[in-house]
Amino acid sequence: MQLSKFACLFIFFSSLMATNVVAKSAKDAVSPPPTDIKSATRGTEHIGGFFDVYRDRATGRVLLGVEEFDKPFLLISSLPWGVGSNDIGLDRGQSGGSQLVEFRRVGPRVLLVEDNTRFRALSTNPDEALSVRQAFAESVLWAGDIIGEGKSGVVIDVSSLLISDRHGVARQLGRSGQGKYEVDDKRSAVSLADAKSFPDNTELEALLTFKGPGEAEYIRDVTPDPESVTVRQHLSLVRLPEPGFKPRAYHPGSGAFSIGYYDYAQPLASSIDVRLQPHFRLDKLDPGAAQSAVSKPIVFYVDRGAPEPVRSALLEGANWWKPAFEKAGFKDAFRVELLPEGVDPMDVRYSLITWAHRYTRGWSYGGAIVDPRTGEIIKGSVTLGSQRVRQDILIAESLLAPYDKSNATELKNEAEQMALARLRQLAAHEVGHSLGFAHNFAASRHGNGSVMDYPHPLLKLDADGSLHLDHAYGVGVGPWDDFIVAHAYQQFAPGTEQASLAKLRADIAKAGFRYISDADARAPGDAEVDGLLWDFGADSLATFDSLLAVRRKALDSFSIGVLPPQRRAGELEARLVPVYLLHRYQTEAVARLLGGSTYAYSEAADHQAGPQVVGADRQRAALDRLVRTLSAEQLALPIQVLNLLTPPATEYARSREYFTTRMTPLFDPLSAAEAATAQTTSFLFAPERLNRLAWQHARNADEPGVGEVLDAVFRGTWQRSDVGSSVPAGEAVQSAANWVVIDALLHVLEDGKLHAQVDAGVRARLQGWQRWLAKNAGRGSEASNRAEAANLIGKYLDDPKSVKLRALPVIPPGPPI
């Protein structure tokens, strides 16, 4: 193609101009050469340490001295000042994860680069190792200019790093539905007073202000101006631990967490998914001794902000781990103390138990800062929500109703002691997580088998029918806890570790302990019969029966005495909730038997059997009890309770801790009954459970199937005609439950999680319900309810899109307790 002379000249001059622009831009982009370190840091306060810190008060900057490049260290974020909302999840004292990072120099600039520790090749061939590093991306987290240089290294201004959102605050605000927030650097600043350095760690801090819409509920609850959310972010730069730590391979039966990576240098027949069991380093002073002191014990510190009697309970409970370490061969290797006065709680050298305040009650948690290369725990971090102990006192007072009794002082003290006993157990539990241990929700089959379970208060009636709480919670760690400490920390003769660990697992299994953790315990449709939260007792059916008796006693005794004299009468509703739904966790335990099974976490070499289905008789016994919870006899409140409950006082309102009401401003007994019914149906009609029931019946016709379950529910609800007149408003209460049953089952069909043949079977049963309801009209309000139910079922089965399903009842929160 030929170009005209004009076109060629145009291209020439355009190219020349572009070249000049690029040259000018490149020239402008070049930073001025750095000055010497002395000049760059003149007028600053110098603090030597892992990284030298320079506090520049004149300009409000923090400068960092870097002596070596391309040398990895750990970067850890935390929040010394939080947001205060359990729902948002940005608590005071919260630790982030650990990142393996390094400074790299590129001309006059320095990059902070995170290594990709997830993918490796642990090979003697450096080219193989390099090939994996090149295959997966790194992350440049920050970049800055060198402002001073000398023989000892360079000085960089890290202020912009400190006011960047390394903790992920904006991301968490978004995830919790609070809207899009971002750092406002004009309203953010480094904290010069908190910039410190020590031989193995450098601690830096900044005030961060996030700007956003400020329209969502949770952020409005806790922030003076929800469009401006100000927190403090702490960054710890930590020297990597010295060599000598011995990693321990993770076993799925260890009762531990794992950290892992993909090792592409593994033999071809081996899995590239390599897992390690995290643990602290414990080096015996006498490695050959059965029990020896250690060079550096594990020490946790309790937040000085925890008041008495909370502080003493935390110290006592967290120290329960001491004897477990002694049994594992370590002398004085673990202890818990009060944080020394003047110590920065965010200093990575201190494993901390933080007493965290929030607007509402919520979860506590324990975690660990781990060296991602080896699994060595660097620091433990525990957060305990301060409102949980108040909730435990509320539950105890609601059960005992002490304040209108002659022995009120004695019973009030019993309620407080129950709450403190729970707090001791909670401290031990969360510290256990920070030691590397996972939940074991099967341990409650053995009473106080483990602090790593979620304990329900041990409730039972005395021979005279009275209820006492003085032995509601166990004391000390249990046999399972001794096992997990030994499996993580015990040291063995060279060449015997794997065999010794296998023997530990075999011995704890022989003692009757099983291990079931979160993945198999938290969903309504889970199958494992022992993986249960907040249950107690060796037999779920027997415990359910005894707990229903306790519930009945507590409801019959419910009075104004559940409230301290200075509390508002409108709070009675909130105190009714944990009593009325006292059976909620044991109902789930019973539901787990229906379509349930047992199985083990194991490796092929362990030769464990596959899943074992619960016996048919036991499944049917569970079904009978579940249907019983849908009856007016269980759902109706006693007359004295109905006559007692009063609306919140002016200036106050119901919270999420109350039952909802459609009888505003009054208490709504039907909403309470609907919530309890929805609690049962959420377990009973879980799609996973219905699918399993269909499969087990297909394999063995003697096992209950979906049809049998739905028939039993229909008989116990809509087909009932025997609600006794002694049940207060029994027919109305039963009708409320009946409607929830139909609504819940239609929601199961709507969600589309059933296998096609199971879905067809449920629809067939619903058609049978429709025919029965249309044919058996009943009398009075029963007739109108049955007619409308038949009409709803028919319309939905004919054309689901023509029916707007009712929202299922709101169930007040139960956990954590």
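Residues numbered from 1 in each chain as written. Predicted model: local features only at pLDDT ≥ 70, side-chain atom pairs only at ≥ 80, totals over all residues. Heavy atoms only, no water.

Engineer: Sorry if this is basic, but what is going on with the overall build of the protein chain here?
Structural biologist: When its secondary structure is counted, the protein chain shows 24 helices and 26 strands. Oriented by its inertia axes, the alpha-carbon framework of the protein chain measures out at about 95 × 90 × 65 Å. When burial is assessed residue by residue, the protein chain has 52% of its 817 residues classed as buried. Of all intrachain contacts in the protein chain linking residues separated by at least 6 positions in sequence, the fraction that spans at least 24 positions is 74%. When the accessible area of the protein chain is evaluated, it comes to approximately 36,800 Å², of which 53% is carbon and sulfur surface. (Helix = DSSP H or I, 4+ residues; strand = E, 2+ residues; numbered from the N terminus. Buried < 20%, exposed > 50% of the residue type's maximum accessible area, 1.4 Å probe, protein only. Contact = heavy atoms within 4.5 Å. Areas by Shrake-Rupley, 256 points an atom, 1.4 Å probe, with all protein chains shown as cover.)

Engineer: In this structure, what is going on with the sheet that holds strand S17 (residues 273–276)? I would like to understand it.
Structural biologist: Ordered in space as S8-S16-S17, the three strands form an open sheet in which the pairing is mixed. Of all the strands in the sheet, the pair left with one neighbour each is strand S8 (119–120) and S17. Relative to S17, strand S16 (residues 259–263) is paired through four bridges, and the arrangement is antiparallel. In the strand pairing of S17, Tyr262 is matched with Asp273. (Pairing = 2+ DSSP bridges.)

Engineer: Hey, could you run me through the environment of Leu282 in this one?
Structural biologist: Tracing the backbone through its elements, the reader meets Leu282 in the loop between S17 and strand S18 (292–293). As a C-alpha pair, Leu282 and Phe245 span 37 residues in sequence and 8.6 Å in three-dimensional space.

Engineer: What's the story with the side chain of Ser517 in this structure? I'm lost.
Structural biologist: The residue Ser517 is located in the loop between helix H12 (497–510) and helix H13 (540–557) in this model. For Ser517, a relative accessible area of 9% gives the class buried. Sequence-distant contacts of Ser517, defined by excluding residues within four places in its chain, comprise Ala438, His439, Phe441 and Tyr601.

Engineer: Whenever I open this one, the sheet that holds strand S19 (residues 298–302) confuses me. Can you help?
Structural biologist: Across a sheet, strands are paired by hydrogen bonds formed along the backbone, either parallel or antiparallel in direction. If you trace the five strands from one edge of the open sheet to the other, you get S21-S19-S22-S24-S23, paired in mixed fashion. Here the strands that pair on one side only, and so sit at the sheet edges, are strand S21 (334–338) and strand S23 (365–370). On average, adjacent strands in this sheet sit at an angle of 20° to one another, irrespective of strand direction. Relative to strand S22 (residues 351–356), S19 runs parallel, the two sharing three bridges. In the strand pairing of S22, Val302 is matched with Ile353. Contacts from helix H10 (residues 408–434) reach S19, S21, S22, S23 and strand S24 (377–385) within the one sheet, and its direction differs from that of S24 by about 150°. (Axes fitted to C-alpha atoms, helices over the stretch in contact; angles between N-to-C directions.)

Engineer: Please explain helix H22 (residues 730–751) as it appears in this structure.
Structural biologist: Because each turn of an α-helix spans 3.6 residues, side chains separated by three or four positions in sequence point in the same direction. Across its 22 residues, H22 extends 32 Å between first and last C-alpha, which sits within 8% of the 32 Å expected from 1.5 Å per residue. Most of H22 sits inside the fold, with 18 of its 22 residues counted as buried. Once H22 ends, the next one or two residues include Gly752, with phi positive near 70°. (Expected span 1.5 Å × (residues − 1).)

Engineer: I tried to follow the packing of aromatic side chains on my own but got confused; where do I start?
Structural biologist: Within a pair of aromatic rings, the relevant descriptors are the distance that separates the centres and the angle that separates the planes. Tallying each qualifying case throughout the model produces 29 aromatic pairs. Seen in terms of ring centroids, Tyr580 and Phe659 are 5.6 Å apart; in terms of plane orientation they differ by 90°. Their pairing is edge-to-face. In this pair, Tyr580 is assigned in helix H14 (residues 572–580) and Phe659 in the loop between helix H18 (639–642) and helix H19 (669–684), connecting sequence segments 79 residues apart. Look at Phe659 and you get buried, because its relative accessible area is 3%. An aromatic cluster is present here, built from Phe280, Phe300, Trp321, Phe325, Phe334, Phe437 and Tyr489 joined pairwise through their rings. Positioned above the aromatic ring of Trp81 is the side chain of Arg232, whose terminal nitrogen or guanidinium carbon lies 4.2 Å from the ring centre. Here the basic side chain of Arg568 rests over the ring of Tyr652, its NZ or CZ set 3.7 Å away from the ring centre. (Phe/Tyr/Trp six-rings, centres within 6.5 Å; stacked < 30°, edge-to-face > 60°. Lys NZ or Arg CZ within 6 Å of the ring centre and 35° of its normal.)

Engineer: Is there a simple way to explain the pattern of salt bridges in this structure?
Structural biologist: Side-chain pairs of opposite charge can arise where the charged atoms are in close proximity. Using the criterion set out here, one finds 50 salt bridges in the structure. With a closest N to O distance of 2.7 Å, Arg349 and Asp347 form a salt bridge. Taking relative accessible area as the criterion, Arg349 reaches 44% and is therefore assigned partly exposed. A salt bridge links Asp759 to Arg763; the shortest N-O distance between them is 2.5 Å. In this pair, Asp759 and Arg763 are both assigned in helix H23 (residues 756–775), four residues apart and thus about one turn of the helix distant. In this structure Arg763 comes out as partly exposed when scored by relative accessible area, which is 24%. Among the charged side chains, a salt-bridge network with shared partners connects Glu102, Arg104, Asp115, Arg133 and Glu138. (Salt bridge = Lys/Arg side-chain N within 4 Å of Asp/Glu carboxyl O.)

Engineer: What is the right way to read the confidence of the model for the protein chain from this model?
Structural biologist: Keep in mind that low pLDDT regions are not for reading the predicted coordinates in detail. The pLDDT averaged across the protein chain works out to 94; a share of 96% of its residues lies at or above 70. Contacts for the low-pLDDT stretch residues 1–29, under 50 throughout, to residues beyond four places or in other chains number two contacts. (pLDDT = per-residue confidence, 0-100.)

Engineer: How do you make sense of helix H15 (residues 584–593) when you look at a structure like this?
Structural biologist: Burial analysis of H15 places ten of its ten residues in the buried class, which makes it a mostly covered element. Just past H15, the residue Gly595 takes up positive phi, approximately 70°.

Engineer: Which parts of the structure should I look at to understand the side chain of Asp535?
Structural biologist: Tracing the backbone through its elements, the reader meets Asp535 in the loop between H12 and H13. The exposure class of Asp535 is buried, given its relative accessible area of 1%. Polar contacts involving the side chain of Asp535 include one to the side chain of Ser444, which spans 2.8 Å. The contacts of Asp535, once residues within four sequence positions are left out, are Phe441, Ser444, Arg445, Tyr454, His456 and Gln586. (Polar contact = N/O pair within 3.5 Å; in protein donor to acceptor, adjacent residues only side chain to side chain.)

Engineer: How do you make sense of the pairing of strand S14 (residues 201–211) when you look at a structure like this?
Structural biologist: Most of S14 sits out of view: nine of its eleven residues are buried. As judged from the two bridges shared by strand S11 (residues 182–183) and S14, these two strands associate in the antiparallel manner. Along S14, the bridge assignment pairs Glu182 with Lys211. Here strand S12 (residues 189–190) runs beside S14; their pairing, made up of two bridges, is antiparallel. In the sheet register, Val190 faces S14, and the bridge partner there is Ala206. Here strand S13 (residues 196–197) runs beside S14; their pairing, made up of two bridges, is antiparallel. Residue pairing across strands places Lys196 opposite Glu203, the latter belonging to S14. Hairpin connection between S13 and S14: a loop of three residues separates the two successive antiparallel strands.

Engineer: Help me understand the environment of Glu203, please; the structure alone is not making it clear to me.
Structural biologist: Topologically, Glu203 is positioned in strand S14. Since its relative accessible area comes to 0%, Glu203 is described here as buried. When the C-alpha positions of Glu203 and Val348 are compared, they lie 8.0 Å apart, and in sequence the two are 145 residues distant. With sequence-adjacent residues up to four places away left out, Glu203 is seen in contact with Asp194, Ala195, Lys196, Phe198, His234, Leu235, Ser236, Met346, Asp347 and Val348. In terms of polar contacts, Glu203 uses its side chain to reach the side chain of His234, at 2.6 Å. A distance of 2.5 Å separates a polar atom in the side chain of Glu203 from a polar atom in the side chain of Ser236.

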